[in-house]
Amino acid sequence: MTLIIAEKPSLARNIASAVESMTGKNTMTRIGYIECGQYLITYALGHLFSLADVEYYSPAPEGKSGWSMNNLPCFPKNFEYMLRDDKGVIKQFGIIRSLCLRDDVDSLVNAGDSDREGEIIIRTCVGKALPKGHGKIFNRLWLPDQTPETIKKALMEMKPESEYDRLAAEGYARTFIDWLYGINLTRYATLRTGAFLRVGRVIIPIVKAVYDRDMAIKNFVSEKYYSPLSKEITGGEEIELLSRKKFDASSLADAQKLCARYNMFGAVVSSVKKKRGTISPGKLFSLTKLQNFLGKKYKMSMETSLAALQKLYEAGYVTYPRTNSEYLATAEKDKIKTIISNIAGIGYPVEFKDTKNIFDDTKIEAHSALTPTFRIPDKNKLEENEQKVYSAIFRRFVAVFCSEECAVDRTEIKITVGDPAASGEDAGEEFILKGTVVIKPGWTKYDDGGASDKLLPPFKKGDTVNIDFKPAEKETSPPKHYTIETLNNYLKNPFKKEIEEKTLDTSVLSVSDEAVSDDDTEDYRAIFEGLELGTEATRTGIINNAVKSKYIKLNKDVYTILPDGIYLMEAMARLGIGMDKYKTASLGRALKKVYRGEMRIAESVAFASSEISEVFSSAPSGLSDTDVFDGFFGDIAGKCPLCGRDVIRTRYGYGCSGYKEGCKFHIGGTICGRVISLSNARLLLETGHTAKITGFVSRKTGKTFCASLCLKEGKAVFDFSSALPSQNVIQAEE
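First, a word on what this report is: a plain description of the structure on this page.

Definitions and cut-offs
- Residues numbered from 1 in each chain as written.
- Predicted model: local features only at pLDDT ≥ 70, side-chain atom pairs only at ≥ 80, totals over all residues.
- Heavy atoms only, no water.
- Helix = DSSP H or I, 4+ residues; strand = E, 2+ residues; numbered from the N terminus.
- Buried < 20%, exposed > 50% of the residue type's maximum accessible area, 1.4 Å probe, protein only.
- Contact = heavy atoms within 4.5 Å.
- Areas by Shrake-Rupley, 256 points an atom, 1.4 Å probe, with all protein chains shown as cover.
- Expected span 1.5 Å × (residues − 1).
- Pairing = 2+ DSSP bridges.
- Salt bridge = Lys/Arg side-chain N within 4 Å of Asp/Glu carboxyl O.
- Core = buried A, V, L, I, M, F, W, Y, C linked by side-chain atoms within 4.5 Å.
- Axes fitted to C-alpha atoms, helices over the stretch in contact; angles between N-to-C directions.
- Parallel < 35°, antiparallel > 145°, perpendicular 65-115°, else oblique.
- Nonpolar A, V, L, I, M, F, W, Y, C, P; charged D, E, K, R; others polar.
- Phe/Tyr/Trp six-rings, centres within 6.5 Å; stacked < 30°, edge-to-face > 60°.
- Polar contact = N/O pair within 3.5 Å; in protein donor to acceptor, adjacent residues only side chain to side chain.
- Disulfide = S-S within 2.5 Å.

## A closer look at the overall build of the protein
Argument step 1. What the protein contains, in helices and strands, is 19 helices and 29 strands.
Argument step 2. Viewed in the frame of its principal axes, the protein has a C-alpha envelope of about 100 × 85 × 45 Å.
Argument step 3. Counting across all 734 residues of the protein, residues that qualify as buried make up 50%.
Argument step 4. Of all intrachain contacts in the protein linking residues separated by at least 6 positions in sequence, the fraction that spans at least 24 positions is 71%.
Argument step 5. Counting every atom, the protein has about 34,600 Å² of accessible surface; 50% of that belongs to carbon and sulfur.

## Concerning helix 7 (residues 203-218)
Argument step 1. Between its terminal C-alpha atoms helix 7 stretches 22 Å, which fits the 22 Å expected from 16 residues at 1.5 Å a residue.
Argument step 2. With twelve of 16 residues buried, helix 7 lies mostly within the body of the structure.
Argument step 3. Buried within helix 7 we find Ile203, Ile204, Pro205, Ile206, Val207, Ala209, Val210, Tyr211, Arg213, Asp214, Met215 and Ile217.
Argument step 4. In this structure, the buried side of helix 7 is in contact with helix 13 (484-492), helix 15 (539-548), strand 18 (552-555), strand 19 (558-561), helix 16 (563-575) and helix 17 (581-595).

## Digging into the sheet that holds strand 8 (residues 137-140)
Argument step 1. An order of 2-3-4-1-7-8-9 is seen for the seven strands of this open sheet, with the pairing classed as mixed. Of all the strands in the sheet, just strand 2 (28-30) and strand 9 (159-160) have a single pairing partner and so form its edges.
Argument step 2. Bridge analysis of strand 8 against strand 9 gives two bridges, and the strand direction is antiparallel. Within the sheet, the bridge partner assigned to Asn139 lies in strand 9 and is Pro160.

## Brief notes about the pattern of salt bridges
Oppositely charged side chains are able to pair whenever their charged atoms sit close together.
Argument step 1. On inspection of all chains with the given rule, the structure shows 46 salt bridges.
Argument step 2. A salt bridge links Glu473 to Lys224, with the shortest nitrogen-to-oxygen separation between them at 3.7 Å. Residue Glu473 is located in strand 17 (residues 470-475), and its partner Lys224 is located in strand 10 (residues 224-234); the two are separated by 249 residues in the primary sequence.
Argument step 3. Through salt bridges with shared partners, a single ionic network connects Arg116, Glu170, Arg174, Glu365 and Lys592.

## Considerations on the environment of Met302
Argument step 1. In this fold, Met302 is placed in helix 10 (residues 302-314).
Argument step 2. Residues Met302 and Pro9, 293 residues apart in the sequence, show an inter-C-alpha distance of 24 Å.
Argument step 3. Residues within four places of Met302 in sequence aside, it is in contact with Gln291, Ile484, Asn488, Arg539, Thr540, Ile543 and Tyr559.

## As for the nonpolar core
Argument step 1. Core analysis: the biggest nonpolar cluster contains 88 residues, and Leu197, Val207, Leu487, Tyr559, Met572 and Ile577 have the highest contact counts within it.
Argument step 2. When residues of this core are assigned to their parent elements, the largest contribution, 14 residues, is made by helix 6 (residues 165-193).
Argument step 3. One finds Phe285, Met300, Phe397 and Val408 within the second-largest nonpolar core, a separate group that totals 42 residues.

## Some words on the pairing of strand 20 (residues 636-639)
Argument step 1. Judged from the three bridges that link them, strand 20 and strand 21 (residues 646-649) form a sheet pairing that is antiparallel. When the bridges of strand 21 are listed, Gly638 appears paired with Val647.
Argument step 2. Hairpin remark: strand 20 followed by strand 21, antiparallel, with six residues in the connecting loop; positive phi at Gly644, about 85°.

## Concerning the packing of helix 14 (residues 521-529) against helix 17
Argument step 1. Closest axis-to-axis distance for the helix 14/helix 17 pair is 8 Å, and the angle between their directions is 75°. What the angle tells us is that helix 14 and helix 17 run roughly perpendicular. Along the contact surface, helix 14 presents Ile527, Phe528 and Glu529, while helix 17 presents Gly588, Arg589 and Lys592.
Argument step 2. Grouping the constituent residues of the contact of helix 14 with helix 17 by class yields two nonpolar, one polar and three charged.

## Brief notes about the side chain of Thr584
Argument step 1. The topology assignment puts Thr584 in helix 17.
Argument step 2. For Thr584, a relative accessible area of 0% puts it in the buried group.
Argument step 3. Each residue touching Thr584, except ones within four places of it in the same chain, is listed here: Arg201, Val202, Pro205, Leu533 and Met579.

## Section: the sheet that holds strand 13 (residues 267-279)
Argument step 1. The strand order across the open sheet built from four strands is 15-14-13-16, with neighbouring strands paired in antiparallel fashion. The open sheet has two free edges, formed respectively by strand 15 (429-440) and strand 16 (464-465), since each of these has just one partner strand.
Argument step 2. Two strands pair when backbone bridges link them, and strand 13 and strand 14 (residues 406-417) are joined in this way by twelve bridges, in the antiparallel orientation. Across the sheet, Val268 pairs through a bridge with Thr416, a residue of strand 14.

## Some words on the pairing of strand 21
Argument step 1. Bridge analysis of strand 21 against strand 22 (residues 653-656) gives three bridges, and the strand direction is antiparallel. For Ile648, the partnering residue across the bridge sits in strand 22 and is Gly655.
Argument step 2. Hairpin connection, strand 21 to strand 22: the antiparallel pair is bridged by three residues.

## Topic: the packing of aromatic side chains
Argument step 1. Taken as a whole, this structure holds 31 aromatic pairs when the rule is applied.
Argument step 2. Measuring from centroid to centroid gives 5.1 Å for Tyr348 and Phe394, while their planes differ by 75°, and the two rings are edge-to-face. Of this pair, Tyr348 sits in the loop between helix 11 (333-344) and helix 12 (384-400) while Phe394 sits in helix 12, and the two are 46 residues apart along the sequence.
Argument step 3. Residue class for Tyr348 comes out partly exposed when judged on its relative accessible area of 28%.
Argument step 4. Ring geometry for Phe696 against Phe718: centres 4.9 Å apart, planes inclined by 70°, an arrangement best described as edge-to-face.

## Topic: the environment of Tyr39
Argument step 1. Secondary-structure assignment places Tyr39 in strand 4 (residues 39-43).
Argument step 2. The exposure class assigned to Tyr39 is buried, which follows from its relative accessible area of 16%.
Argument step 3. Contact partners of Tyr39, with chain neighbours within four places excluded, come to Met1, Thr2, Ile4, Val19, Met22, Thr23 and Ile34.

## Examining the side chain of Asp360
Argument step 1. Here Asp360 lies in the loop between helix 11 and helix 12.
Argument step 2. Using a relative accessible area of 4% as the deciding quantity, one classes Asp360 as buried.
Argument step 3. Side-chain polar atoms of Asp360 contact the side chain of Thr362, separated by 2.6 Å.
Argument step 4. Each residue touching Asp360, except ones within four places of it in the same chain, is listed here: Tyr327 and Leu328.

## Points about unusual backbone geometry
Trans is the prevailing form of peptide bonds, just as negative phi is the prevailing case for residues other than glycine.
Argument step 1. For the bond from Leu72 to Pro73, the omega torsion is -10°, close enough to zero to count as cis.
Argument step 2. Position of Pro73 relative to the elements: it lies in the loop between helix 2 (54-57) and strand 6 (81-83).
Argument step 3. A positive phi angle, close to 55°, is found at Lys299, a residue other than glycine.
Argument step 4. Taking relative accessible area as the criterion, Lys299 reaches 39% and is therefore assigned partly exposed.
Argument step 5. A positive phi is found at Lys556, a non-glycine position, where the angle reads about 60°.
Argument step 6. Inspection of the secondary structure assignment puts Lys556 in the loop between strand 18 and strand 19.

## Let's talk about the state of the cysteines
Argument step 1. Within the structure shown, the criterion is met by zero disulfides.
Argument step 2. Cys402 carries a free sulfur, and the closest cysteine sulfur to it, the one in Cys406, is 9.6 Å from it.
Argument step 3. Note on Cys402: relative accessible area 2%, which makes it buried.

Right under this line is the structure:
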């Protein structure tokens, strides 16, 4: 008999239904599995196993519990998976193991989700259920969607599980490395600061991106400037001409002079170009691009859109959700023809198109773009979010394969003021007006293609344009907060420079003759090389963890940093944990090398371990005379000068343990941008004076300075007597 192990009960039911149709045998539901002829179909409950905790490899001393530096850092020689402590999980794995061990079961099938996670979930179950060298056939059921037709076809075309060894290797390597970073650095940062800090390979650069952007906005100083602007009526239309020349706030007179000169020159139409053309629809959706679209249109969070998409997939209405490609495989052409025929049958003008912009094997890593299947749902039976998600996928598919072109008239009008080629005071300027008029909507009736631009007057070459230039007061603009769309695009390729913080989408009508670039080679190179931060399968969950941890906030479709996120980033800098995009990308490259067979799992784990070791080796343990080490949460710094109780290391510095009794003595952990070390705090409490400390930054001037700290009336204050003799003692908090 053949035992099929699905990742989830819903998939097991879909497989059983397909097997029943294929074999003509009736299904019989048992406890924890389904039987149909020569097939047994059981299921996991997602992750039945998780990696063992630190204490498994390095037990805490007898009588002690809780996190400790005694067993950190932890680098297991062999990672061990443990069955989750859950009654339902324990019961279900017992069923899986008993089925695997049955003498009449000679063939096993891995029917985990068609990705790295699904691959290793079922492999781990089988590895725990059967002894090595069990001798049973082990195959892989790879499903791009869950329709009965696809399942039956996949059952007939199964490959040996060994052909997916490299995918599994990357999955295990990714899991081990994420454990190393998450366990070691989360515990270390928490022990150092006294606040639970979630430190991970991907969550830190995500929070840092939002933090850096928000700090840039907060610290942005707007500057006033002037640009010549004319907004006069010609031919019944207001013609806006904004000069590219800028004058700073102190040069208003110069701007006025230029405006007067332009008005004296007058304006004339120097050329008029009209061109009939077509506009192509956007590409099919990857998960990222779909979430971008839904976030922008409906303010739908990534978590909400993925949950709805997963339901549609499990119901057999769409293909596999966690895809990073916007292209289809050439081997899928016959399947796509069937879907197109079905959609055409319900009245949509679609036809098969065989173009490189749709079918391209070089831009597919594991899964093709999101498409509807031939199974079309009754929209009235879908939940509201499911309707929105399905409609977006369906309408984009119709747009891509639409038999009706979008025809447009493009117009470009050049207006010259004076002589643009002249120099000095005779110099003029050329202005370009562009417009697009939709003649035939075509595919834009089915996809959000945008509306026509404002109509331009019917100018001819040589026509005079009315002008009245005046200095327009403007201000430089700060960067924009990350949105679902811009953060997603940044994470997909963090090394690609975004133009004006906008994402160019080919589904939006272009107003110029310059077509939006279809060259996405750089983006796919980033994906295949492992440069992206997170993957389509994990990114949504990690961003959601950052939101739930109150590091960042999602308001409609805009992300902003929260106080806990600011604290996290400042703590990471203080502790020397540099989890930036460069380090995360270097680990991503290592994981892709594992996938390509260029690196072994152990080598990638060793690479990550060496990175983590640097964090621990740079931080002394216990007493130290270093000028930057600020100890661990709870360390005793000395006696309180006000009440005599212990002063201990707190989350925000060094505070009296008698705070509950009303003692308010406190030394800031960071003063004027400078970490106050434990050794200096101790010296201050013991002698009333620290050594000279360098690296303070004035909040008023931004300049660095050095000083000692001394106690004055129970407060820490600056003492410049040994640093800058001309300065007086001032408050340390400025």
